[in-house]
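Chains, contacts and geometry: an overview
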Amino acid sequence: MSKQLLMIVNPRAGRNKSRGPLFDAVSVFSDAGYLVSVHNTSAPGDAAETAAREGGNYDAVVAVGGDGTLNEVISGLMRLERPPLLGYLPQGSTNDFAASLHISGKPAVAAQAIARGEVQVLDIGQWAHRYFVYVASFGAFTRSSYTAPQAAKNALGHFAYILEGMKDLNTLRPYQIKLTADGEVLDGEYLFGAVCNSTSIGGLMKLDPERVVLDDGKFEMLLVPSPKTALDLQNLVLALLNQEYDREGLIFRHVSSLHLETEEDLPWSLDGEYAPSVPAVDIVNRQCGLRMLL
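Summarised in this report is the structure supplied together with it.

Definitions and cut-offs
- Residues numbered from 1 in each chain as written.
- Predicted model: local features only at pLDDT ≥ 70, side-chain atom pairs only at ≥ 80, totals over all residues.
- Heavy atoms only, no water.
- Buried < 20%, exposed > 50% of the residue type's maximum accessible area, 1.4 Å probe, protein only.
- Helix = DSSP H or I, 4+ residues; strand = E, 2+ residues; numbered from the N terminus.
- Pairing = 2+ DSSP bridges.
- Contact = heavy atoms within 4.5 Å.
- Core = buried A, V, L, I, M, F, W, Y, C linked by side-chain atoms within 4.5 Å.
- Axes fitted to C-alpha atoms, helices over the stretch in contact; angles between N-to-C directions.
- Parallel < 35°, antiparallel > 145°, perpendicular 65-115°, else oblique.
- Left-handed = near helix turned anticlockwise from the far one by under 90°.
- Expected span 1.5 Å × (residues − 1).
- Arc of directions from axis to C-beta.

This part takes up the pairing of strand β13 (residues 219–225). Remark: a regular strand shows side chains that alternate across the two faces of the sheet. Within β13, 6 of the 7 residues are buried, which leaves the element mostly enclosed by the surrounding structure. Strand direction decides the pairing type here: strand β10 (residues 188–196) and β13, joined by 6 bridges, are antiparallel. Directly across from Tyr190, in β13, lies its bridge partner Pro225. The pairing of β13 with strand β14 (residues 251–255) spans 5 bridges and is antiparallel. Within β14, the residue paired with Met221 across the bridge is Arg253.

Encoded structure:
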């Protein structure tokens, strides 16, 4: 009997890209013994609902789109008692998570890797009642990840995020945060914070691949404190430019969970998608054993 594979496709992601390579990917899956079904999403949330409703009937579910599409598919699969294998054909404009896993942006090449059947277990983050695949971030430039227009992202890719982020420069401000991470108290004023399981954050910041393990039950947490002096600002800028996250002026930790409280309107982004400001939130690493084909 043929194995069953469901492709959940976001037709809006990378709209300026040719759809021909996706047919090549289907051919690769078919040659590998999969009977392929394709579902084109029609609205936000459709990918998650489809994965939750249909995913249990398949041996593998493949997300086709950007990181937001992958987030939705995983969020849907997390509702299942026994989720199927997961695949990813990155077709978005930045594809941070795909870069971390060295997944090709060419659908046929990525499909060939999926067909080979090598499995990577993933940690999944839980933010309140929502999930994230590679990053939950707050503060400066967070808004640009979900407010950059889709047309601009399709046309300009990574540059669209930079342009959108520049609009936030005049609103750059610290947020008073009460934060406890694995028992360590880190209360203070922060410009930006990220809890990630990826070597790339928002297409703008990079982490050393040797320091990021995708299934160790730990997040990489980066906090950017608000500088108090000109010297603090200088150290902060140099640390960010040189990607020296252990340097004085930044806070970098490997943590499994954290609790955050604030009385301010704090913007959040989960895998580049908007999350509403909440006064308190728990972020937990879910070692759920979700298996990804690479």
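That covers the picture; the talk isn't over yet.
On to the environment of Gly272, then. Within the element layout of this structure, Gly272 appears in the loop between β16 (268–270) and β17 (273–275). Gly272 sits in the buried class, given a relative accessible area of 15%. Residues Gly272 and Val135, 137 residues apart in the sequence, show an inter-C-alpha distance of 8.0 Å.

Moving on, we get to the environment of Asn285. Topologically, Asn285 is positioned in strand β18 (residues 280–293). You can call Asn285 buried: its relative accessible area is 10%. Asn285 has contacts with Asp123, Ile124, Gly217, Lys218, Phe219 and Ser256, leaving out every residue within four places of it along the chain.

Right, let's talk about the nonpolar core for a bit. By size, the foremost hydrophobic cluster in this structure holds 58 residues, and its most contacted members are Phe29, Val73 and Leu89. Beyond its immediate sequence surroundings of up to four residues, Leu89 is in contact with Met7, Leu22, Ala25, Phe29, Val62, Ala63, Val64, Gly65, Pro107, Ala110, Ala111 and Ile114. Ranked by size, the runner-up nonpolar core spans 24 residues in total, among them Ala136, Phe219, Leu223 and Leu258.

It is worth spelling out the packing of helix α1 (residues 20–31) against helix α5 (residues 107–116) at this point. Closest axis-to-axis distance for the α1/α5 pair is 8 Å, and the angle between their directions is 20°. It follows that α1 is roughly parallel to α5 by the angle criterion. Between α1 and α5 lies a crossing of right-handed hand. On α5, the residues touching Pro21, Leu22, Asp24, Ala25, Val28 and Phe29 of α1 are Pro107, Ala108, Ala111, Gln112, Ile114 and Ala115.

What follows deals with the side chain of Ser226. Position of Ser226 among the secondary structure elements: in the loop between β13 and α9 (230–241). Dropping the residues within four chain positions of it, Ser226 is found in contact with Pro174, Glu189, Tyr190 and Leu191.

Here we take up α9. Since the α-helix packs 3.6 residues into each turn, any two residues three or four apart lie on the same face. With 12 residues, α9 should cover 16 Å at 1.5 Å per step; its first-to-last C-alpha distance of 16 Å lies within 8% of that length. Along α9, the residues that are buried comprise Asn235, Leu236 and Ala239. In an axial view of α9, the angular spread of the buried residues amounts to 100°, which keeps them on one side of the axis. For α9, the exposed residues set more than 90 degrees away from the buried face come down to Ala230 and Leu241. Buried residues belonging to α9 abut β10 and β13. Following α9 by one or two positions, Gln243 adopts a phi angle in the positive range, close to 55°.

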